[in-house]
Amino acid sequence: MHPTEVKTHECDVLVIGGGLAGTWAAIRAKEFTDRVILVDKGKISKTGASSFAAGAMLAPQSGDDFDGWLKEIVERGNFLNDQEWVRAILREQPDILDKLQSWGVKFEKNEQGKLLRVAGRAHIGTKIIMFHGSQFMEIMRVQVEKNGIALAERIMVTDLLTSDGRYPTRGRIAGAVGFNVRSGEFQIFKAKSVVIAAGGVWGDSMCVRNLTGDGIAMGFRAGCELYGMEFAHPSDGWVFDRKYKVQGMNMWQAAGMRLINAKGERFMETYVPLLKERAQKAELHLAVAKEYMEGRGPVYIDMRHFAPETWERFRRVIPNFMRVAEILKPWKEKIQFDFGTGAVNAAASGLKNNIFCETGIPGLYAAGQAGGHPGHGTYSVGGFNLASCCVGGRRAGEYAAKFSSQFEKAAVVDSQVERLGNQIYQPLSVKDGITSETLNLKIKAAAGIAGSLFRNEQEIHILLSKLNEIKSGSLHRVKACDAHELMRANELRNYLLCLEMIYTAALERKESRGPHMRTDYPYRDDIDWLKQVILQPCGEEKVVVRLKPLSLYRCSARPEKLGKISPAVPPPEIH
């Protein structure tokens, strides 16, 4: 092990990840125990996806038709949603919104001073509210500090500790290890329970580079099952004029944006006549790609019809986007519109967990994107993920704390600490190797936009072969000259593992559903594929794939008729 300095932390509940789910988990856990640590590899409120959340959150209110809301969410999630989770979110989110307002989170209001609810991405009966920019996470940090929660910032947690020192474990959670991303100091966390809320798989995304599936990877290595990994799509970055990476599409969709191809046609009404440009994210991705691939590109976004008050709202709700808008002036000109940055985003995939956020390892809980948002299905309606972070984070914190009150801390196995420490710092000993950026470019070339859109069996096999070649031939050759580069090397180890799991699951699912489009199986098959693809670690470098059918008749929302359904956006016809 390279570092001479080692710091040990002890707590009842360790929360990994300081975004919306993680801060909620820590705040809730503190209501049950004083010994809570919240750790993040950046500065809490300034790191991860939550700090760039583009203003939209699902907003059920008392008096709404929750049965109707559930039906719409499940339909949009292609019937793979955990409906118990959907009901929990609809039931608990109104109280959470009240709590957020009492803390000072600013939401858009109507003329009567009540929450302004609008239809955004994929909404008809369901609605979202809009919060103001980055102030949300700043307020969450204030609440964390007010509750006296111990913060461990700029520390990358890399791996979990288990009571038997084994991967995959047959025991329970004992803590975690990591390192300070500035000093390199080795960190040991001894904990009775652990909540993984470390974000999802974004890769080298438009706004943050550090969402590399760390929590998903560390949980999987320790023995957790993964689900939904095949439902990945290009990273969330939408690019204006092939120069500016921006976010805020949910807001543009709610305001009535138009997508126009090179022929001047509003093509989304061809694919999704009811919702048009308010279609689901996957439908937008696939439709834009199809327009380009069939020769009708470039594609433009048209916002010239937006009223002045819409732009004023954007300045409050999505200020980062407005910095670009002040340059391009979309109120005057339509703008060329593309997507993705060569990275892959698995936004409805993660560590399999139940309604109490329990994973398959006793004492280990998952929340937020690391937990895959079980109620989301294949990625349902806009704003659902943030509501899931609130409800799921709060639940994970509560049940992790209750678990910790019932058990003594498991002993840490010194040999496991030594082995994981050596693995963490291995890139520092590589002299004649490659940089993390070189490896990142190799991964992008292997699994960028093409690999995350239209797929078939042959192409997935080729892609998996490339990823395996990178893992066996390049991963161990990544060098690091300082703690920051050490962080990048460990991130890419996690991202590469997650990509392998994404395409392993994509190979197994022989149908098209949501963002998972198989050109060799171009139909949603509700006869044979109303089931989850579960990935389970089994020994060194081995993965067991199994299928878990839905308990269809225990679900209140289900397809009216089982059959094969043509996709809204069929595969492109390339001549």
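Residues numbered from 1 in each chain as written. Predicted model: local features only at pLDDT ≥ 70, side-chain atom pairs only at ≥ 80, totals over all residues. Heavy atoms only, no water.

Draft legend 1. Representation of the side chain of Thr212 within the structure. Residue position: Thr212 is located in strand β10 (residues 211-212). Reaching out from Thr212, the side chain makes a polar contact with the side chain of Asp214 at a distance of 2.8 Å. Those residues in contact with Thr212 that lie beyond four places of it in its chain are Lys41, Gly200, Gly203, Glu491, Asn494, Tyr495 and Cys498. (Helix = DSSP H or I, 4+ residues; strand = E, 2+ residues; numbered from the N terminus. Polar contact = N/O pair within 3.5 Å; in protein donor to acceptor, adjacent residues only side chain to side chain. Contact = heavy atoms within 4.5 Å.)

Draft legend 2. Looking closely at the sheet that holds strand β11 (residues 226-227). Strand order in the open sheet formed by four strands is β19-β11-β24-β25, and the pairing between neighbours is antiparallel. Each having just a single partner strand, β19 (350-351) and β25 (543-549) make up the two edges of the open sheet. Helix α15 (residues 483-508) contacts β11, β24 (531-537) and β25 of the sheet and is inclined by roughly 135° relative to β24. (Pairing = 2+ DSSP bridges. Axes fitted to C-alpha atoms, helices over the stretch in contact; angles between N-to-C directions.)

Draft legend 3. Layout of the sheet that holds strand β14 (residues 244-246). One open sheet accounts for five strands, arranged β14-β13-β17-β16-β15; its pairing is antiparallel. Strands at the two margins of the open sheet, each flanked by one partner only, are β14 and β15 (258-260). Direction aside, the axes of adjacent strands within the sheet are offset by 40° on average. Examined bridge by bridge, strand β16 (residues 300-302) and strand β17 (residues 335-339) share two bridges and lie antiparallel to one another. By the bridge assignment, Tyr300 is partnered in β17 with Gln336. Against the sheet, helix α8 (residues 281-293) contacts β13 (238-240), β15 and β17, and its axis sits at roughly 115° relative to β17. Across the sheet, helix α10 (residues 319-328) touches β13, β14 and β17, and the angle it forms with β14 is around 140°.

Draft legend 4. Just the pattern of salt bridges, in detail. Evaluation of the coordinates by the stated rule reveals 38 salt bridges. Of the charged contacts, one joins Asp64 and Arg117 as a salt bridge, the two residues approaching to 2.7 Å between their closest N and O atoms. With a gap of 53 residues between them, Asp64 in the loop between β3 (56-58) and α2 (66-76) and Arg117 in the loop between α3 (83-103) and β4 (128-130) connect regions that are remote in the sequence. Across the pair Arg546 and Glu225 runs a salt bridge whose closest N-O atoms are separated by 2.7 Å. Of the two residues, Arg546 sits in strand β25 while Glu225 sits in the loop between α5 (214-222) and β11, which places them 321 residues apart along the sequence. Three or more residues are tied together by salt bridges with common partners; here these are Glu230, Arg509, Glu511, Arg513, Arg524 and Asp526. (Salt bridge = Lys/Arg side-chain N within 4 Å of Asp/Glu carboxyl O.)

Draft legend 5. Structural detail: the pairing of β17. By the criterion of burial, β17 is predominantly enclosed, with five of the five residues buried. Relative to β17, β13 runs antiparallel, the two being bridged by three bridges. Within the sheet, the bridge partner assigned to Phe240 lies in β17 and is Phe337. (Buried < 20%, exposed > 50% of the residue type's maximum accessible area, 1.4 Å probe, protein only.)

Draft legend 6. Seen up close, the environment of Gly397. Of note, Gly397 is situated in helix α11 (residues 384-404). With relative accessibility at 0%, the residue Gly397 sits in the buried group. A C-alpha to C-alpha distance of 9.5 Å links Gly397 and Ala366, two positions 31 residues apart in sequence. In contact with Gly397, other than residues within four places in its own chain, are Ala25, Arg28 and Ala29.

Draft legend 7. Examining the packing of aromatic side chains more closely. For the structure shown, the criterion picks out 18 aromatic pairs. Judged by centre distance (5.1 Å) and plane angle (50°), the rings of Trp252 and Phe321 are tilted. Of this pair, Trp252 sits in helix α6 (residues 249-255) while Phe321 sits in helix α10; the two residues are 69 residues apart in sequence, bridging distant segments of the chain. Where Phe306 meets Phe314, the ring centres are 6.0 Å apart and the plane angle is 80°; that geometry is what we call edge-to-face. Here Phe306 and Phe314 have matching classes, each one buried. (Phe/Tyr/Trp six-rings, centres within 6.5 Å; stacked < 30°, edge-to-face > 60°.)

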